[in-house]
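# A closer look at the structure
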Amino acid sequence: MDTNIWIDAHRQKFCDLADQIWQFAEIRFQENQSAGLLADTLQAEGFTVERGIADIPTAFVASYGAGKPVIAILGEYDALPGLSQDRTCYKKPLIAGGNGHGCGHNLLGVGSLLATLAVQQAIQSGVVQGSVRYYGCPAEESGAGKAFMVQAGAFDGVDLALTWHPGSFNATVSINMLARLMMFFKFHGKAAHAAADPYNGRSALDAVELMNIGVNYLREHMLPDARIHYVITNGGDVPNVVPAEAESWYNIRAPKLHQVQELYARVVNVAKGAALMTGTELEIDFHSGVSNLLLNDTINQVLHAQMQRIGAPQFGTDDNQFAGELAKTFPKGSGEMFARLLGAEGGKLIAAFKDNPLAPQILPLFKSSVTMPGSTDVGDVSWVTPTGQIQATCQAFGTPAHSWQLVAQSGMSIGHKGMLFAGKVLAATALEFMTRSELLERARTEFKNQIQAMPYQSPIPDGVRPPIHRQASAREFATG
Ligand SMILES: [Zn+2]
Ligand SMILES: [Zn+2]
């Protein structure tokens, strides 16, 4: 069965769904309409839908079929604050201060949905046997939705997982990403008048500052690829009162999960030292954590073969004109990081896009030895089941991440074409693994060998709940 034909026959329905979610533009944990639309669509097609996974109202799993293998396809649908944007090649918010799909998750959610429905068609027609599950994953942006879903056991029984992300060229994801822990360090001291009796006070702000100084000394003695960033979220109210309460917010990252956990333990010691020095009390409010990516060569080979068979999405004159105009607004040098991350292949890519930022490129299959300096909650799924992902061209090369330019393209034909391509690749890859048991076995053996060497431990400590009710400041979303 050629799932491409089925997908092409239904393309308008999926483009409309993607546009609806683009319009909803709901931020993390508030994706009620977006998750509802996707879950209802699957339910109407005969899927069994379980909502509220991991106590997150907008997380769901939709299942179809019976028995093994169980293939998981992951979708996302959260937007970003402050990025409302019309479908124009100049900056024009639809709603002043509103949200926008600056990471293209409207496309991500629907591209995965159409792949899932195409696999359902193959099961119904008897071409393949087994089950397909759509994972409705909320709050990818700084909420670590998948990590909480993994912790809740939502991926138990899954044999293999597939996903994708909108990007500016077509490639399998063959690069590690950083494991990341996020937490708030709160210090509790004692207030006093800063002039009259400061000796009676114990400054929580002093503790925050001393902790930051300690961490800055730590930097020389940590892995070069590790990252620590912080902001002070509470530095007291007025200067003439010794601050009784102060708080800083930390992101800690490292190429591997155990490395970030070791680094975190050292940062905690620095915080304890700051509390001891200042006579204050330390409280750690853990926000969330994600793991690094375990790459699966077997899945990537199949994904790549399917990308080549299907062929890169082709863009029309209107798309190219729009992209050309939009590219004039990109910051100088945007896209150059790919030369660093992808070596010679990155250099070739940049050259190919020189005259046409939507050139139909499929990156050759290769594995980057460097770690991409960002984080994703797909990482946690990759530790509990063999996971593969691609990125598909949904935006002009050089489009900045989390930008108004990305929002515009996610709501129009440029994004749609990449989404349909990604859906076809995921569906065809799922069918390969459902029909060729030796291939599935190879992917699973590869995965088992990886986790045997380093068993998974959730980056989220027991008892930490999804940060659903936490006030999300705009800057919190820039932590990807
Ligand atoms: Zn993002
Ligand atoms: Zn994203």
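Residues numbered from 1 in each chain as written. Chains lettered and ligands numbered in written order. Predicted model: local features only at pLDDT ≥ 70, side-chain atom pairs only at ≥ 80, totals over all residues.

Time to look at the domain arrangement of the protein. What the domain assignment lists for the protein is domain 1 (3-177 + 292-453) and domain 2 (179-288). Residue composition of the side of domain 1 that touches domain 2, by class: three nonpolar, six polar and no charged. (Domains from an automatic or database assignment. Nonpolar A, V, L, I, M, F, W, Y, C, P; charged D, E, K, R; others polar.)

Before going further, it helps to spend a moment on the environment of Gly189. Checked against the element boundaries, Gly189 lands in the loop between strand E8 (179-188) and helix H6 (204-218). Along the sequence, Gly189 and Pro243 sit 54 residues apart, while their C-alpha atoms lie 7.1 Å from each other. (Helix = DSSP H or I, 4+ residues; strand = E, 2+ residues; numbered from the N terminus.)

Here we have seven strands laid out as an open sheet, ordered E1-E2-E4-E3-E5-E13-E6, and mixed in their pairing. Edge positions in the sheet fall to strand E1 (48-51) and strand E6 (171-172), since each of these pairs with one other strand and no more. Both strand E3 (residues 70-76) and strand E5 (residues 160-167) contribute to a ladder of three bridges, which runs parallel. Paired with Ile73 across the bridge in E5 is Leu162. Where helix H4 (residues 105-124) meets the sheet, its contacts fall on strand E2 (60-65), E3, strand E4 (131-137) and E5, and the angle it forms with E3 comes to roughly 155 degrees. (Pairing = 2+ DSSP bridges. Contact = placed C-beta atoms within 7 Å. Axes fitted to C-alpha atoms, helices over the stretch in contact; angles between N-to-C directions.)

A few words on the nonpolar core. Grouped together as the largest cluster of nonpolar side chains are 143 residues, with contacts concentrated most on Ile71, Ile73 and Ala430. Element by element, the count of residues in this core is highest for helix H13 (residues 413-435), at 13 residues. Counting only domains with at least three residues in this core, you end up with domain 1 (3-177 + 292-453) and domain 2 (179-288). Excluding residues that lie within four positions of it along the chain, Ile71 makes contacts with Val119, Gly130, Val132, Asp159, Leu160, Leu162, Ala430, Phe433 and Met434. (Core = buried A, V, L, I, M, F, W, Y, C linked by C-beta atoms within 7 Å. Buried ≥ 20, exposed ≤ 12 C-beta atoms within 10 Å, placed from the backbone.)

Turning to the environment of Phe353, a few remarks are in order. Mapped onto the elements, Phe353 comes out in the loop between helix H10 (337-352) and strand E12 (371-372). Put simply, Phe353 and Thr58 are 295 residues apart on the chain and 38 Å apart in space, counted from C-alpha to C-alpha.

This part takes up the environment of Val61. Here Val61 shows up in strand E2. For Val61, a count of 22 C-beta atoms within 10 Å corresponds to the buried category. Spatially, the C-alpha atom of Val61 lies 6.6 Å from that of Arg51, the residues being ten residues apart in sequence. Setting aside chain neighbours within four positions, we find Val61 in contact with Glu50, Ile53, Arg133, Tyr135, Gly136 and Ala154.

Here we come to the packing of helix H8 (residues 297-310) against H13. Each packed pair of helices is defined by two parameters, the angle between the axes and the distance between the axes. Contact geometry of H8 with H13 gives a least axis separation of 9 Å together with a crossing angle of 125 degrees. It follows that H8 is oblique to H13 by the angle criterion. Between H8 and H13 the crossing geometry is right-handed. On the side of H8, the interface is formed by Val302, Leu303, Gln306, Met307 and Ile310, while H13 contributes Phe421, Lys424, Val425, Ala428, Thr429 and Glu432. Looking at the contact of H8 with H13 residue by residue, the class counts come to seven nonpolar, two polar and two charged. (Parallel < 35°, antiparallel > 145°, perpendicular 65-115°, else oblique. Left-handed = near helix turned anticlockwise from the far one by under 90°.)

With 14 residues, H8 ought to run about 20 Å at 1.5 Å a step, and its terminal C-alpha atoms sit 20 Å apart, in line with that. Turning to H8, its buried residues number three or more, namely Thr298, Ile299, Asn300, Val302, Leu303, His304, Gln306, Met307 and Ile310. In this structure, the buried residues of H8 make contact with helix H1 (3-9), E5, E6, strand E13 (387-393), H13 and helix H14 (437-453). Phi turns positive one or two residues past the end of H8, at Gly311, with a value near 90 degrees. (Expected span 1.5 Å × (residues − 1).)

Turning to the sheet that holds E8, a few remarks are in order. Spatially, four strands are ordered E9-E10-E8-E11 in an open sheet, and the strand pairing comes out antiparallel. The sheet is open, and its two edges are formed by strand E9 (227-234) and strand E11 (281-290), each paired on a single side. Each neighbouring strand pair of the sheet contributes to a mean axis angle of 20 degrees, computed without reference to strand direction. Pairing of E9 with strand E10 (residues 245-254), which is carried by seven bridges, proceeds in the antiparallel orientation. Residue pairing in the sheet places Ile228 in a bridge with Ile252 of E10. H6 contacts E8, E9 and E10 of the sheet and is inclined by roughly 20 degrees relative to E10. This element, helix H7 (residues 257-278), spans E8, E9, E10 and E11 of the sheet and lies at about 155 degrees to E10.

Here the focus is H10. The end-to-end C-alpha distance of H10 is 15 Å, clearly below the 22 Å that 16 residues give at a rise of 1.5 Å each. Maximal helix bending in H10 amounts to about 145 degrees, located at Gly343. Among the residues making up H10, those that are buried are Phe338, Leu342 and Leu349. (Bend = angle between axes of the 7 residues up to and from the residue.)

The element E2 is extensively covered by neighbouring structure, given that five of its six residues are classed as buried. Here E1 runs beside E2; their pairing, made up of four bridges, is antiparallel. Residue pairing in the sheet places Arg51 in a bridge with Phe60 of E2. In this sheet, E4 lies alongside E2 in antiparallel orientation, the contact comprising six bridges. Bridge assignment links Phe60 to a residue of E4, and that residue is Gly136.

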